[in-house]
Amino acid sequence: MDDISMNILELLGMSLGVGQKYFREFFQKQDSIMRLNYYPPCQKPDQTLGTGPHCDTVSLTILYQDDNVSGLEVQVDGKWHSIPPKPNAFVVNIGDTFMALSNGIYKSCLHRAVVNNQHPRKSMAFFLCPSIDKIIKPPHELVSIEQKYERIYPDFTWKSLLNFTQTCYRADMNTLDAFINWLRGNNVFPNNGTVTRQ
Ligand SMILES: O=C(O)CCC(=O)C(=O)O
Ligand SMILES: [Fe+2]
């Protein structure tokens, strides 16, 4: 997973014009997460979702789906599209943190998982995350002094976004905006944990 994510980061860096090494170095230290999802068959699949609509808050998601059972859907222009599993293939999603790192050029992807009434489904997600205290800030090439590319998101740490989703906001399609609004408005969590605004 480390090799795959580093290769993808190199391509993303090249596509953004910040060089092959920029994101590789940014993610040299990581606090990445692996999650296994299991969706049992459901008698009323039309009334139930395996995972509700959300954007991943992490930087990149590399997802492996059960070879035979569909379930992942991605929203494009307001419509849900099934992304069926392909043998030996991963699905790669941009997450909110990479959206902020690219100053909004790459968009995090709205997706969900549906269930069916016959087959259990499994998926395995590798969530690439920066080191917990790393400050998320786009490279200067993506923010021009002449305000051509105005800075969209303020600095934040991965730790503060992670805490936000674990203590006071369930990840959905508006997580990053809700987090930024919250960050601009106050710096104290409901559980009295504190976060330093950068
Ligand atoms: O199971 C899937 O296909 C999607 C899982 C997912 O979106 C997640 O774990 O964040
Ligand atoms: Fe997800």
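Here, every reference points to the structure presented above.
In this text, all values refer to a predicted model and were calculated from it rather than measured experimentally.

(A) Spatial organisation of the sheet that holds strand E1 (residues 33–39). If you trace the four strands from one edge of the open sheet to the other, you get E1-E8-E3-E6, paired in antiparallel fashion. Strands with a single pairing partner mark the edges of an open sheet, and in this sheet they are E1 and strand E6 (91–94). Adjacent strand axes in the sheet meet at a mean angle of 20°, parallel and antiparallel pairs treated alike.

(B) Region of the structure containing the pattern of salt bridges. Overall, the coordinates contain five salt bridges when judged by the stated rule. The salt bridge partner of Arg151 is Asp155, with a shortest N-O separation of 2.5 Å. The class for Asp155 is buried, based on a relative accessible area of 17%. Salt bridges sharing partners connect three or more residues here, namely Lys137, Arg151 and Asp155.

(C) Quick peek at a nonpolar patch on the surface. A cluster of nonpolar side chains, Ile4, Phe90 and Val92, forms an exposed patch at the surface whose accessible area comes to about 220 Å². Structurally, Ile4 is set in helix H1 (residues 2–15). Judged by its relative accessible area of 30%, Ile4 is partly exposed.

Procedures and definitions
Residues numbered from 1 in each chain as written. Chains lettered and ligands numbered in written order. Predicted model: local features only at pLDDT ≥ 70, side-chain atom pairs only at ≥ 80, totals over all residues. Heavy atoms only, no water. Pairing = 2+ DSSP bridges. Helix = DSSP H or I, 4+ residues; strand = E, 2+ residues; numbered from the N terminus. Axes fitted to C-alpha atoms, helices over the stretch in contact; angles between N-to-C directions. Salt bridge = Lys/Arg side-chain N within 4 Å of Asp/Glu carboxyl O. Buried < 20%, exposed > 50% of the residue type's maximum accessible area, 1.4 Å probe, protein only. Patch = residues over 30% accessible without salt bridge, like charges linked within 9 Å, V, L, I, M, F, W, Y side chains within 5 Å. Areas by Shrake-Rupley, 256 points an atom, 1.4 Å probe, with all protein chains shown as cover.

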